[in-house]
Amino acid sequence: MDDLSTKEHHYHHPVRYPVLAWMLHYIKWWLAFTGLISSTTVCPFCGTPGCPVEVGFASAMGGVFALFTQGWKDVWRWCVYRVH
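How each quantity is defined
Residues numbered from 1 in each chain as written. Predicted model: local features only at pLDDT ≥ 70, side-chain atom pairs only at ≥ 80, totals over all residues. Heavy atoms only, no water. Helix = DSSP H or I, 4+ residues; strand = E, 2+ residues; numbered from the N terminus. Buried < 20%, exposed > 50% of the residue type's maximum accessible area, 1.4 Å probe, protein only. Contact = heavy atoms within 4.5 Å. Areas by Shrake-Rupley, 256 points an atom, 1.4 Å probe, with all protein chains shown as cover. 1 Å grid on protein atoms, 1.4 Å probe; cavity = no way out; pocket = protein on both sides within 12 Å on 5 of 7 lines; lining within 4 Å. Points joined across faces, edges and corners; volume = space filled by probe spheres on them. Nonpolar A, V, L, I, M, F, W, Y, C, P; charged D, E, K, R; others polar.

### Points about the overall build of the chain
Then, number 1: The secondary structure content of the chain amounts to three helices and two strands.
Then, number 2: Counting helices and strands in the order they occur from the N terminus, the chain gives β-β-α-α-α.
Then, number 3: Out of the 84 residues in the chain, the part that is buried amounts to 18%.
Then, number 4: For the chain, long-range pairs separated by at least 24 residues make up 43% of all intrachain contacts whose partners lie at least 6 apart in sequence.
Then, number 5: About 6,800 Å² of surface is accessible on the chain, with carbon and sulfur atoms providing 70% of the total.

In structure tokens, the structure reads:
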């Protein structure tokens with residue numbers, strides 16, 4: 001099976017890459033939220049649909065919502081651990 005998040009071990013048990021799987025899951029949620037927000041809203045500044053500012057705003061909000069969906073506590077702990 002050619003999956004990005006697994007690799008065949010010499011015992012034929014799949015070895016998981018949790019960071020890659022987490023990143024792929026986060027990217028999927030980010031794209032889903034960004035698409036949903038950008039398709040249902042207009043630019044908060046000029047009021048036209050499809051404005052580049054609206055797409056940037058939708059992308060930022062999609063990233064934030066995806067972070068909350070993934071579990072923001074784990075990300076916060078990782079950031080605090082890296083700083084200290």
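### A look at the layout of surface pockets
Then, number 1: The calculated volume of the largest pocket comes to roughly 210 Å³.
Then, number 2: Secondary structure elements with two or more residues in the lining of the largest pocket: helix H1 (18-40) and helix H3 (72-83).
Then, number 3: Across the lining of the largest pocket, the residue classes tally to five nonpolar, no polar and one charged.

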